[in-house]
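Residues per chain, in single letters:
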Amino acid sequence: MGIFAAGGIGIDLGSSFTSVFLENRGLMLREPSRVLVNRENAKQILGVGIQAQAMLGRTVEDVMLASPIMDGAVADVELCTLLMTSLAEKAADKRKVLEKARLVVNVSQGATKVERQALFQAMQAAGAKKPAALRSPMAAALGIGLDVDKPRGVMVVDIGGGTTEIAVLSMNGIVAARAMRLGGMNMDEAIVRYFRREKNMAVGFRTAEELKRDIGTALPDLDEGEKVLLKGRNMETGKPDTIEVTSQDVRKALEEPLCALVDAMRSALENTPPELVSDVMEDGIYLSGGGAMLHGLDELIRQKTGVSVNLSEQAQDAVALGVGRAATDERLLDKLLDAASAEE
């Protein structure tokens with residue numbers, strides 16, 4: 001069944017990026033979850049996704065980048081609708097594509113009833129006739145290719161931009177779960193704070209993200225002493241400055257959020273039923289999400305929890321692939337939604 005005949009579209013609606021999966025075509029795009037609006041009139045939309053970020057600072061109008069998704073939840077229904085509609089139409093190269101599709105979007109395990117309602121409002125406003133929400137850990141498990149239908153415990157940790165979802169899955173349902181407002185964006189914020197505090201340097205979040213990606217590491221013994229030149233503003237003089245930064249600096253900056261992440265995973269393991277813990281110990285923890293790609297994070301978790309860690313090659317796209325799989329398999333989606341309803 002093709003996408004133009006009530007086929008499936010899966011959208012990974014993340015705090016940092018939004019990805020679109022089309023039936024019969026696969027994962028088509030991943031763009032920033034940002035909308036560029038007029039500061040005086042937020043209804044005046046100037047750009048969406050990658051176009052919004054590219055236009056920032058290059059327009060004569062007083063503009064700002066708006067984030068429709070904050071901490072894994074819909075912060076603005078109208079802008080969220082616009083984000084989903086624009087990116088889906090761009091991916092399919094066709095207008096009103098959501099009106100002909102079975103739309104599946106991920107939702108945080110820790111989302112409140114109000115936040116879930118906001119998501120459905122956005123999907124319905126986008127024209128989706130068959131909207132469905134799939135919990136992010138379940139979507140990640142499907143995207144990784146795990147079998148969640150068996151009576152066996154599977155632990156998935158999805159580290160997104162604004163949230164981390166920790167869940168133990170079994171028989172199409174979530175047996176134990178924890179969601180925390182900590183993700184890749186929080187790591188970037190920690191880097192910004194560290195350089196202000198320790199180096200008297202003001203740097204932007206984009207620079208912090210680049211440092212994390214290029215020379216960031218989670219473990220001291222993986223710190224290869226890489227060095228880069230960092231440009232920013234000297235906090236004492238207020239003037240532009242350049243300093244030498246090492247991977248050790250970035251590792252120290254990330255200590256606090258990584259410690260919180262590992263503690264949450266330990267807590268989740270401690271609160272998992274004993275029968276399922278043995279399954280997790282045998283099969284290991286499955287990591288997904290863009291935040292999981294930090295160099296050495298899998299090894300840090302293994303050392304601190306005593307459990308082996310599996311890092312998917314498609315970690316950043318696991319949720320998108322999972323919602324896409326559910327959107328294109330109606331029987332699978334019905335089973336997952338039935339299991340989710342039974343848990344509530």
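Conventions and cut-offs
The residue numbers shown here count from 1 along each chain, following its written sequence. Given that this is a predicted model, residues contribute local features only at a pLDDT of at least 70 and side-chain atom pairs are listed and counted only at 80 or more, while totals for whole chains, interfaces and linings are drawn from all residues. Values reported for side chains reflect all heavy atoms of the structure, with hydrogen atoms and water molecules removed beforehand. Per the convention used, a helix needs a DSSP run of H or I reaching at least four residues, while a strand needs a run of E reaching at least two, with both numbered from the N terminus. Between the two quantities, the radius of gyration covers C-alpha atoms and the globule rule is 2.2 Å times the number of residues to the power 0.38. What makes two residues a contact is simply this: any of their non-hydrogen atoms within 4.5 Å. Accessibility throughout is a Shrake-Rupley quantity obtained with a 1.4 Å probe, and a residue counts as covered only by protein chains that appear here. Only four residue types enter the tally: Lys and Arg on the positive side, Asp and Glu on the negative side, with His and both chain ends excluded. Throughout, a charge is located at the NZ atom of Lys, the CZ atom of Arg, the CG atom of Asp or the CD atom of Glu. Here, axes are lines fitted to C-alpha atoms. For helices the fit covers the stretch in contact, and angles between N-to-C directions go from 0 to 180 degrees. Each angle receives one of four descriptions, namely roughly parallel if under 35 degrees, roughly antiparallel if over 145, roughly perpendicular if within 65 to 115, and oblique otherwise. We call Asp, Glu, Lys and Arg charged. Ala, Val, Leu, Ile, Met, Phe, Trp, Tyr, Cys and Pro are nonpolar, and the rest, Gly among them, are polar. Whether a residue is buried, partly exposed or exposed follows from its accessible area with a 1.4 Å probe, protein chains only, as a fraction of its type maximum: under 20%, in between, or over 50%, in that order. Here, a strand pair is defined by DSSP locating no fewer than two bridges between the strands.

**Q** Outline the overall build of the chain, listing residues and values.
**A** Check the secondary structure of the chain and you find 12 helices and 18 strands. Taking 2.2 N^0.38 as the reference for a compact globule, 344 residues should give roughly 20 Å; the C-alpha atoms of the chain span a radius of gyration of 21 Å, in line with that estimate. With the C-alpha coordinates aligned to their principal axes, the bounding extent of the chain is approximately 60 × 55 × 35 Å. The contacts of the chain with a sequence gap of at least 6 include a subset with a gap of at least 24, amounting to 61%. Counting every atom, the chain has about 15,900 Å² of accessible surface; 47% of that belongs to carbon and sulfur. Charge centroids of the chain, computed over 40 positive and 49 negative side chains, lie 4 Å from each other.

**Q** Lay out the packing of helix 4 (residues 136–144) against helix 11 (residues 318–327) in plain terms, naming residues and giving numbers.
**A** Running from N to C, helix 4 and helix 11 point in directions that differ by 90°, and their axes come no closer than 6 Å. One element, helix 4, and the other, helix 11, form an angle in the roughly perpendicular class. Contacts from S136, A139, A140, L142, G143 and I144 in helix 4 reach A318, V319, L321, G322, V323, R325 and A326 in helix 11. For the contact of helix 4 with helix 11, the residue count by class is 9 nonpolar, 3 polar and 1 charged.

**Q** Now, about helix 4: what can you tell me, with residues and values included?
**A** Within helix 4, 8 of the 9 residues are buried, leaving the element largely enclosed by the surrounding structure. When helix 4 is considered as a whole, its buried residues turn out to be S136, P137, M138, A139, A140, A141, L142 and G143. Positioned one or two residues after helix 4, G145 has a phi angle of 100°, which is positive.

**Q** Describe the sheet that holds strand 16 (residues 240–246), and please don't skip the residues or the numbers.
**A** Spatial ordering of the open sheet is given by 14-15-16, a layout of 3 strands whose pairing is antiparallel. The open sheet is flanked by strand 14 (201–202) and strand 16, the only strands paired with a single partner. Running at roughly 170° to strand 15 (residues 227–234), helix 6 (residues 205–215) makes contact with strand 15 and strand 16 of the sheet.

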